[in-house]
Amino acid sequence: MNTVYFQGNPCHTYGSMPIVGEVAPCFHLAGVDLKEVKCDDFAGKRVVLNIFPSLDTEVCARSVRKFNEEAAGLDNTVVICVSMDLPFAMSRFCTLEGIKGVIPASAFRSPLFSQKFGVQIVDGPLAGLLARAVIVLDENRRVIYQQLVEEITNEPDYEAAISVLKETK
């Protein structure tokens, strides 16, 4: 269990995030077409998991835009933006914003994702949503970077996540 904060108030997560050096759990999420987005789909690629509560907040939306601009064009790299938003809302957001470089994926029917990755908020006003986190995986699904953002209303450290990708070409 980790503690994160929402507007200064403590909230807790279920479990713990995988640590650097570990092989991340496999995941199954729902894509915008309602088909599964699975870890096996990205074998041999580096994966950025941009995890956040909801696209309906400016900070979350900004993180999708930023990773779309900064990381989606890197060699052998895919960015998966994960929230509890319904796939329809994620698709609408990406269409309206002209975002084509990331893969929106919903955890709405994948409770094991939020638990295995230690990002499920279990109390406070955001209970049931995902905490803000970034996990970068190498081609073998080994964690090479992770950040659980302490204050949910803050943005992740984009520069740190992207620099790990640039260092491990």
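Residues numbered from 1 in each chain as written. Predicted model: local features only at pLDDT ≥ 70, side-chain atom pairs only at ≥ 80, totals over all residues. Heavy atoms only, no water.

Draft legend 1. Region of the structure containing the state of the cysteines. The tally for this structure, following the rule as stated, stands at one disulfide. The disulfide bridge from Cys-26 ends at Cys-39, spanning 1.6 Å between sulfur atoms. Note on the Cys-26 and Cys-39 pair: the S-S dihedral is about -70 degrees, so by sign convention the disulfide is left-handed. Residue Cys-26 is found in the loop between β2 (9–14) and β3 (28–31), and its partner Cys-39 is found in the loop between β4 (36–38) and β5 (46–51); the two are separated by 13 residues along the sequence. Cys-81 takes part in no disulfide bond, and the closest cysteine sulfur, belonging to Cys-94, lies 6.9 Å away. Classification of Cys-81 as buried rests on a relative accessible area of 2%. (Disulfide = S-S within 2.5 Å. Helix = DSSP H or I, 4+ residues; strand = E, 2+ residues; numbered from the N terminus. Buried < 20%, exposed > 50% of the residue type's maximum accessible area, 1.4 Å probe, protein only.)

Draft legend 2. View of the nonpolar core. Ranked by size, the top nonpolar core spans 24 residues in total, and within it Val-64 and Phe-67 carry the most contacts. When contributions to this core are tallied by element, the ones reaching two or more residues are α1 (58–70), β6 (77–83), α2 (87–97), β9 (133–137) and α4 (158–167). Tallying contributions element by element places α4 first for this core, with five residues. Among the nonpolar cores identified, the runner-up in size contains 23 residues, and Val-82, Ala-107, Phe-113 and Leu-130 belong to it. (Core = buried A, V, L, I, M, F, W, Y, C linked by side-chain atoms within 4.5 Å.)

Draft legend 3. The arrangement of α2 in detail. When α2 is considered as a whole, its buried residues turn out to be Pro-87, Met-90, Phe-93 and Cys-94. Within α2, the buried residues cover an arc of 125 degrees as seen down the axis, which keeps them to one side. Across α2 from its buried face, at more than 90 degrees, point the exposed residues Phe-88, Thr-95 and Leu-96. The inward-facing, buried residues of α2 contact β3, α1, β6 and β7 (103–106). Following α2 by one or two positions, Gly-98 adopts a phi angle in the positive range, close to 70 degrees. (Arc of directions from axis to C-beta. Contact = heavy atoms within 4.5 Å.)

Draft legend 4. Just α4, in detail. Burial in α4 covers these residues: Tyr-158, Ala-161, Ile-162, Val-164 and Leu-165. With its buried residues spanning 150 degrees around the axis, α4 presents them on a single face. Turned more than 90 degrees away from the buried face of α4, the exposed residues are Glu-159 and Glu-167. Buried positions along α4 lie against β5, α1, β6, β9 and β10 (143–148).

Worth remembering: the numbers are spatial, not functional.
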